[in-house]
Amino acid sequence: MISRRFLPSMQSLQAFDAVVRLGSFTAAAQDLALTQSAVSRQVAALEGQLGQALLLRGKRSVTPTAEGQVYASAAHSVLQQLQQAALAVQGAQDKGRLTLAILPTFGTRWLIPRIPGFLRMHPEITLHFTTRIGQFDLLAEGVDAAVHAGRPDWPGAHALELFADRVQPMAAPALAAVAGTPRGGYAPPPDIVRLPRLALTTRPQEWDRWTAAQDVPPAPAPDMVFEHLATLAQACIAGLGIALLPPFLFRGELAAGDLVALGPDWGNGAGYWLMTPEQGRQGAAVRAFRDWLMTEVTRDDGVFA
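The rules behind these values
Residues numbered from 1 in each chain as written. Predicted model: local features only at pLDDT ≥ 70, side-chain atom pairs only at ≥ 80, totals over all residues. Heavy atoms only, no water. Helix = DSSP H or I, 4+ residues; strand = E, 2+ residues; numbered from the N terminus. Rg over C-alpha atoms; globule rule 2.2 N^0.38 Å. Buried < 20%, exposed > 50% of the residue type's maximum accessible area, 1.4 Å probe, protein only. Core = buried A, V, L, I, M, F, W, Y, C linked by side-chain atoms within 4.5 Å. Contact = heavy atoms within 4.5 Å. Axes fitted to C-alpha atoms, helices over the stretch in contact; angles between N-to-C directions. Parallel < 35°, antiparallel > 145°, perpendicular 65-115°, else oblique. Nonpolar A, V, L, I, M, F, W, Y, C, P; charged D, E, K, R; others polar. Expected span 1.5 Å × (residues − 1). Arc of directions from axis to C-beta. Pairing = 2+ DSSP bridges.

**Some remarks on the overall build of the protein**
Next, step 1: The helix and strand inventory of the protein stands at 14 helices and 11 strands.
Next, step 2: Relative to the compact-globule value of 19 Å for 305 residues, the protein shows a C-alpha radius of gyration of 29 Å, a clear excess of over 25%.
Next, step 3: Along the longest, intermediate and shortest principal axes, the C-alpha atoms of the protein span 90 × 45 × 25 Å.
Next, step 4: The burial tally for the protein puts 40% of its 305 residues in the buried class.

**A look at the nonpolar core**
Next, step 1: Counting 39 residues, the largest nonpolar core has F106, L111, L245, Y272 and F289 as the members making the most contacts within it.
Next, step 2: It is helix α13 (residues 284–299) that provides the largest number of residues to this core, a total of 7 residues.
Next, step 3: L111 has contacts with I102, F106, F129, F289, W292 and L293, leaving out every residue within four places of it along the chain.

**A word on the packing of helix α2 (residues 25–32) against helix α3 (residues 36–50)**
Next, step 1: Where α2 meets α3, the closest approach of the two axes is 8 Å, and the angle between their N-to-C directions is 105°. Judged on the interaxial angle alone, α3 and α2 are roughly perpendicular. Two secondary-structure elements touch here, α2 through F25, T26, A28, A29 and L32 and α3 through Q36, V39, S40 and V43.
Next, step 2: Per-class residue counts for the contact of α2 with α3 are 6 nonpolar, 3 polar and no charged.

**Details of α13**
Next, step 1: Its 16 residues place the ends of α13 23 Å apart at the C-alpha level, agreeing with the 22 Å of an ideal helix rising 1.5 Å per residue.
Next, step 2: The complete set of buried residues in α13 reads A285, V286, A288, F289, W292, L293, E296 and V297. End-on view of α13: buried residues confined to an arc of 165°, all on one side of the axis.

**Considerations on the pairing of strand β3 (residues 97–102)**
Next, step 1: With respect to burial, β3 is a largely interior element, 5 of its 6 residues being buried.
Next, step 2: Inspection of the sheet shows β3 paired to strand β4 (residues 126–131) by 6 bridges, in the parallel sense. Note that in β4 the partner of L98 across the bridge is L127.
Next, step 3: Where β3 lies against strand β5 (residues 145–150), 2 bridges are found, and the strand directions are parallel. Within β5, the residue paired with A101 across the bridge is A146.

See below:
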């Protein structure tokens, strides 16, 4: 049986370990996000509990006594073992749970219909989905991975490219007729940009880049701007204007004739990425999802090329 008399508080142990590692109360306080006096009180409480001076306090530095060196080694080892045990327990607890942040339209149209296949392969994994647009702190939000569209400049995250983002000017059939789109062919770019244009708030310059790529003079600002891709596409189907849409997400509307492609697809320089936290380890569930996702992307490779 272990006597509680000899068991220090975790705060005292961490404070003492930090002071010995860093050589000063000031540095230890910064490392632990505490005040210097708070660290000093914790160490003093530990010395009082043990009945031994553990530190030699100088004007500009702090060094452990002989007894302090022995205790510091043991304290550091205990803290490391506790950290490793916590990671092991957390990994065991979370290995069957996967929290994913997905883009609304990509999720509902491409990812979710494929998820039954993933669950058949990995029935031990429980999926939690959250819908997010834009960057956020993956670790702080408790998200294991996120699907991101754009460029991989996401601080604190590792990016795995899934496929290039390609878009195509599309319109409702009536508006396509105004553009003079021939059956089975494409309308001239100058005629396309004369039509009302729709855009996303997250990609306000995309029409400018498209006209530059087509060697067409810049057009005025878009007539309407939408926050979500699905809403933008619905407005396009309703005949409110033309939009640059990723064809792999709207194959059904193109096949049904609800949307007409006015021009060839164009690589906008962006992509779709699987983002995972840079810090921390990727658990078995994340690795399983990543491998499965890459298999699905390869299966659809012809669509994304």
